[in-house]
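Reading the structure
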Amino acid sequence: MAFTIGLVDIMGRGSLIISRNFGAYALETYIALALIYWCLTLVIEKTFSVLEKSLLRGKRSLAE
């Protein structure tokens, strides 16, 4: 669900930027949006990975 909402929001903003520029720089805009989306997903993935390791470590200490 978050993937769909985030992607729709980003693409909507990109379309708005392109329409403001009368269709110019469409490819550059979509490439920039793809890079931004990719960076955001990497940051979120890393954050959840650290959080998961932290919670798993806490669960192990409770079991001992």
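As a starting point, this report considers the structure included with it. (Residues numbered from 1 in each chain as written. Predicted model: local features only at pLDDT ≥ 70, side-chain atom pairs only at ≥ 80, totals over all residues. Heavy atoms only, no water.)

Re the overall build of the protein
Looking only at helices and strands, one finds two helices and zero strands in the protein. Residue burial in the protein is summarised as follows: out of 64 residues, 9% are buried. Accessible area of the protein: about 5700 Å², with a carbon and sulfur share of 70%. (Helix = DSSP H or I, 4+ residues; strand = E, 2+ residues; numbered from the N terminus. Buried < 20%, exposed > 50% of the residue type's maximum accessible area, 1.4 Å probe, protein only. Areas by Shrake-Rupley, 256 points an atom, 1.4 Å probe, with all protein chains shown as cover.)

Quick look at the side chain of T29
Position of T29 relative to the elements: it lies in helix 2 (residues 26-63). Judged by its relative accessible area of 11%, T29 is buried. Among all residues touching T29, those that are not within four sequence positions of it are G14, I17 and I18. (Contact = heavy atoms within 4.5 Å.)

So, the environment of G14
Along the chain, the position of G14 falls in helix 1 (residues 2-20). Linking G14 and Y30, residues 16 residues apart in sequence, is a C-alpha distance of 6.7 Å. Excluding residues that lie within four positions of it along the chain, G14 makes contacts with T29 and L33.

Observations concerning a nonpolar patch on the surface
Residues I36, L40, I44, F48, L51 and L55 make up a contiguous nonpolar surface patch of roughly 600 Å² in combined accessible area. Along the chain, the position of L55 falls in helix 2. (Patch = residues over 30% accessible without salt bridge, like charges linked within 9 Å, V, L, I, M, F, W, Y side chains within 5 Å. Salt bridge = Lys/Arg side-chain N within 4 Å of Asp/Glu carboxyl O.)

Brief notes about unusual backbone geometry
A positive phi is found at F22, a non-glycine position, where the angle reads about 55°. For Y25, which is not a glycine, the phi torsion comes out positive at approximately 60°. Within the element layout of this structure, Y25 appears in the loop between helix 1 and helix 2. Residue class for Y25 comes out exposed when judged on its relative accessible area of 57%.

Side note on the environment of S15
Tracing the backbone through its elements, the reader meets S15 in helix 1. Assessed through its relative accessible area of 38%, S15 is described here as partly exposed. On a C-alpha basis, the gap between S15 and Y30 in space is 8.8 Å, while along the polypeptide they are 15 residues apart.

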